[in-house]
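Descriptive analysis of the structure
Residue-level listing of the chains:
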Amino acid sequence: MSFIDSIVAFIQEYYIDPIIHDSGYNIFNTLTWAVILGIAVYLLIYSLQKMNIKIDAKSLTATLPFVIAGASLRVVADTGTISPPYSYILITPNIYFFVFLLTAVCLIAALLLQKFKLVKTFHAPYAALGCLFILAVYWVLFSVGTVVNWWVPFAVAVVGIGAALLLGFAAKKAGSTIFSDKMNLTILAAHLMDATSTVIGIEVFGYVEKHVVPAFLIELTGTALIMYPLKLVIFFLVVWLLDKGLEKAMADETDKEKEQLGQIKNAIKFVIIILGLAPGIRNSIRLFFGI
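Description of the structure in this document.

**A look at the overall build of the chain**
The helix and strand inventory of the chain stands at 10 helices and 0 strands. Its C-alpha atoms give the chain a radius of gyration of 20 Å, within 12% of the compact-globule value 19 Å for 291 residues. Buried residues in the chain amount to 40% of all 291 residues. Put simply, of all contacts in the chain between residues at least 6 apart along the chain, 72% involve residues at least 24 apart. For the chain, the accessible surface area stands at approximately 16600 Å², while carbon and sulfur atoms represent 72% of it. Side chains of the chain give 20 positive and 18 negative charges; the mean places of these two sets differ by 12 Å.

And the structure:
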């Protein structure tokens, strides 16, 4: 086999086949998607700053409907309703590009409404378009699917959010300021919801974990409950690095530079929220419909 043939075979095995067969992740595509995500986040932050869009709680809240719709759209592929090659659009990483493009188009449309003074700010029409996206996705899901496990999304939300609130309360009582930034609590809740959906899927319904590191740890320990300490370790490590690292970086900066660094921190934290919330929603909705 020639060098070129080896490269083609490598790409086919580790990148194309996982999309065609929806077989999950491996070390090579995981690292590749992580690098692409990092580049995408950088370009996103740069673009938003150029457009003078503040990455604040209001903007992030308006974007949440697109996150919910995008995660739920992934379940449409799981139903088998859409046949190849069109279904490949809804498989990772293609679905991220598709949802990002759709979100960008909706954002631009909302910004144009603001520019021509048809609305005061872009947030309301932007969020409204996201809600229409949600309605369209769930219209498809309820048209082709049957509710089997209605309790799963409620259990995931109650356990994930409840555990985050309890940990937040305990941290506050212990004198920690880690949750003085509400986004940190949101990050924790999103990832504990993801962990809960994984535990229910594997321990109750016999599903299989497709991500490389969680799959390795679950096999090593023999239980999906390892997801909880894994999420907590990653949470405290990432949040500490973001808050403490950027705090030091901001020490000698001007007010404008501090604001820019704060925007970058908000954007990174929102991406981390998505990385927990999106799979948690996808898992919950799959179980909800018994797919």
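From this point, the narrative continues.
**Details of helix α8 (residues 212-221)**
Turning to α8, its buried residues number three or more, namely Pro-214, Leu-217 and Ile-218. Angular distribution of buried residues about the axis of α8 spans 100°; they occupy a single face of the element. Residues Phe-216, Glu-219 and Leu-220 are exposed on α8 and point more than 90 degrees away from its buried face.

**Re the environment of Asn-283**
On the secondary structure map, Asn-283 appears in helix α10 (residues 255-289). Along the chain, Asn-283 and Ser-72 lie 211 residues apart, while their C-alpha atoms are 9.1 Å from each other. Apart from the residues lying within four places of it in its own chain, the contact partners of Asn-283 are Asp-194, Ser-197 and Thr-198.

**Brief notes about the layout of surface pockets**
The volume enclosed by the second largest pocket comes to roughly 530 Å³. As for the second largest pocket, its lining consists of 25 residues, and the residues nearest its centre are Leu-64, Ile-68, Thr-186, Ile-273 and Leu-277. For the lining of the second largest pocket, the residue count by class is 18 nonpolar, 5 polar and 2 charged.

**A few points about unusual backbone geometry**
Between Pro-84 and Pro-85 the backbone carries a cis peptide bond, its omega angle lying at 5°. Summarising the element assignment, Pro-85 is placed in the loop between α3 (57-79) and α4 (94-115). The phi dihedral of Asn-52 falls on the positive side, at around 60°, and the residue is not glycine. For Asn-52, the position within the fold is in the loop between α2 (27-50) and α3. Non-glycine residue Lys-117 carries a positive phi angle of around 60°. Mapped onto the fold, Lys-117 is located in the loop between α4 and α5 (123-144).

**Some remarks on the packing of aromatic side chains**
A complete count under the given rule lists 16 aromatic pairs for this structure. Between Tyr-14 and Phe-28 the ring centres are 4.7 Å apart and the planes differ by 65°, which places this aromatic pair in the edge-to-face class. Placement of Tyr-14 in helix α1 (residues 3-20) and of Phe-28 in helix α2 is noted, with a sequence separation of 14 residues between them. Here Phe-28 falls in the partly exposed class, since its relative accessible area comes to 35%. The interplanar angle of 15° and the centroid separation of 5.9 Å between the aromatic rings of Phe-179 and Phe-235 together place this pair among those described as stacked. Note that Phe-179 is positioned in the loop between α6 (152-173) and α7 (182-204) and Phe-235 in helix α9 (residues 227-250), a separation of 56 residues in sequence. Assigned by exposure class, Phe-179 and Phe-235 land together as buried. Through pairs of rings, three or more aromatic residues link up here, namely Phe-10, Tyr-14, Tyr-15, Phe-28 and Trp-33.

Conventions and cut-offs
Residues numbered from 1 in each chain as written. Predicted model: local features only at pLDDT ≥ 70, side-chain atom pairs only at ≥ 80, totals over all residues. Heavy atoms only, no water. Helix = DSSP H or I, 4+ residues; strand = E, 2+ residues; numbered from the N terminus. Rg over C-alpha atoms; globule rule 2.2 N^0.38 Å. Buried < 20%, exposed > 50% of the residue type's maximum accessible area, 1.4 Å probe, protein only. Contact = heavy atoms within 4.5 Å. Areas by Shrake-Rupley, 256 points an atom, 1.4 Å probe, with all protein chains shown as cover. Lys, Arg positive; Asp, Glu negative; His and termini not counted. Charge placed at Lys NZ, Arg CZ, Asp CG, Glu CD. Arc of directions from axis to C-beta. 1 Å grid on protein atoms, 1.4 Å probe; cavity = no way out; pocket = protein on both sides within 12 Å on 5 of 7 lines; lining within 4 Å. Points joined across faces, edges and corners; volume = space filled by probe spheres on them. Nonpolar A, V, L, I, M, F, W, Y, C, P; charged D, E, K, R; others polar. Phe/Tyr/Trp six-rings, centres within 6.5 Å; stacked < 30°, edge-to-face > 60°.

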